[in-house]
Amino acid sequence: MRTTTGSEPERLITVCFTGDSGLTDYAVSFSRAAARRRPTTLLTGRSIDPLLTGQGVETVRFFRRSRHFFVDYPRFLIWWFRRRRACFVVFQGPLKVPLVESLFIRLLRALGGKSAIVVHDVVPHKGSWWARRSLHEYYRSFDHLVFHSPAAREALSNVTGGPGRRHVVVPHGLYDIFDNDGGGRRDAMDRIGLGSCESPILLMFGNIERRKGIEEVVAAHALLKEQGHEFHVVVAGRNFTGSSSSTAAAIRSAQANPDFTVLAQRIPFDDVKYFFRSADIVLLPYLEGSTSGVFKLALAFGKPVVASRVGDLASEVDDSLGVLLPERWTVADLAGAILEVSQDRQGFAERIASVQRRYDWQTVADRVLALSGMAVDGMSRASGAGDVVK
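Residues numbered from 1 in each chain as written. Predicted model: local features only at pLDDT ≥ 70, side-chain atom pairs only at ≥ 80, totals over all residues. Heavy atoms only, no water.

Q: Describe the side chain of Lys-303, listing the residues and the values that go with them.
A: Looking at the secondary structure, you find Lys-303 in the loop between helix H10 (293-300) and strand S12 (305-307). The side chain of Lys-303 is buried and forms no salt bridge, while Asp-280, the nearest opposite charge, is found at 5.8 Å. The residues contacting Lys-303, other than those within four sequence positions of it, are Phe-276, Arg-277, Ala-279, Val-282, Ala-298 and Ile-352. (Helix = DSSP H or I, 4+ residues; strand = E, 2+ residues; numbered from the N terminus. Buried < 20%, exposed > 50% of the residue type's maximum accessible area, 1.4 Å probe, protein only. Lys, Arg positive; Asp, Glu negative; His and termini not counted. Salt bridge = Lys/Arg side-chain N within 4 Å of Asp/Glu carboxyl O. Contact = heavy atoms within 4.5 Å.)

Below, the structure is given as structure tokens:
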């Protein structure tokens, strides 16, 4: 690593182009932990919620909307070059044009910068051949790679032919930044209009897309209803399904069903806690994906999950945290798993509390800092590629 001048310590820069996405939540949580070890600056979108800027880390509201990409990326490089004491830059995924962004990263390296990429989604959802090729070049532009699970590392190898750089595997931390006021479940239910609900509450949270399995959830709820089981389903997140797809039809069906509450909108940061406090079970019957931030939200709030075997869910969801669906699951399997978890909710809550420490943010930050070669009190420098942390 290039050393800094004078007494100025090495600085970590976390770059997150968006200010209002799950990547922002990760960047804030990671930076907050890293700041306990090294001077840290979070460079993020101007749209960041003000509540996320008071987390004990220097935050610069820098990036505008994605249409300003070709102006803001060069602005960022100039910003970085003027502050070359920032020895290590951790990116939170591509913004818009991975192939072009890879050129900027290579320029940063040519100017003496060191960088890492946190691999959140190995390929974009519904990724095309061109998307895979672009990401092949993008990932190979970085000095280091950070994976959330061995499954993500393997998936990237399928895209690029191997990680190609020094890397670390360390679990995605819990999203405990949302549980910020110690409130109770009844108040949370009142806040989202469920004050009179007596049925167990199933939560689907995050962007509403076909890959999230909402069609199957609607069908599983109907099956449970036929069997005499009462559940209330909450679906909350921005709707990306369009207006004519089968998924859109399933959402319209849910909106007309009194056993469903559908909020097809972005959920403000300070309201997220109300949904998870209200929930009894969090549903993750995803059809594809790499990493689930919703899973880490469920764990942070002590809620069991029903999940499919995609991405890191396959390796992280065990009998302590919920029920994994079979490899080729059906609507009946989903309904059965919901019943299984519902019958042991208290037991799951106790087991989840005993394993939450696995996902400590300080562990995440320390391993990334060690990978970078930065000195961390009480830790040795990273010993090499493939250092797996569980």
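Text resumes after the structure shown.
Q: A description of the pairing of strand S5 (residues 114-119) should follow, citing residues and the corresponding values.
A: Among the 6 residues of S5, 5 are classified as buried, and the element is accordingly described as predominantly covered. Relative to strand S6 (residues 144-147), S5 runs parallel, the two being bridged by 4 bridges. Bridging across to S6, Ala-116 finds its partner in His-144. (Pairing = 2+ DSSP bridges.)

Q: An account of the sheet that holds strand S11 (residues 281-284) is requested, with residue identities and associated values reported.
A: Strand order in the open sheet made by the 6 strands is S10-S9-S8-S11-S12-S13, with parallel pairing throughout. Since the sheet does not close on itself, it has two edges, and those belong to strand S10 (260-263) and strand S13 (322-324), each with one partner. Here the average twist between neighbouring strands, direction ignored, is 15°. Pairing analysis gives 3 bridges linking S11 to S12, with the strands arranged parallel. Of the residues in S12, the one forming a bridge with Leu-283 is Val-306. The strands that H10 touches are strand S8 (201-205), S11 and S12; relative to S11, the one it contacts most, it runs at about 165°. (Axes fitted to C-alpha atoms, helices over the stretch in contact; angles between N-to-C directions.)

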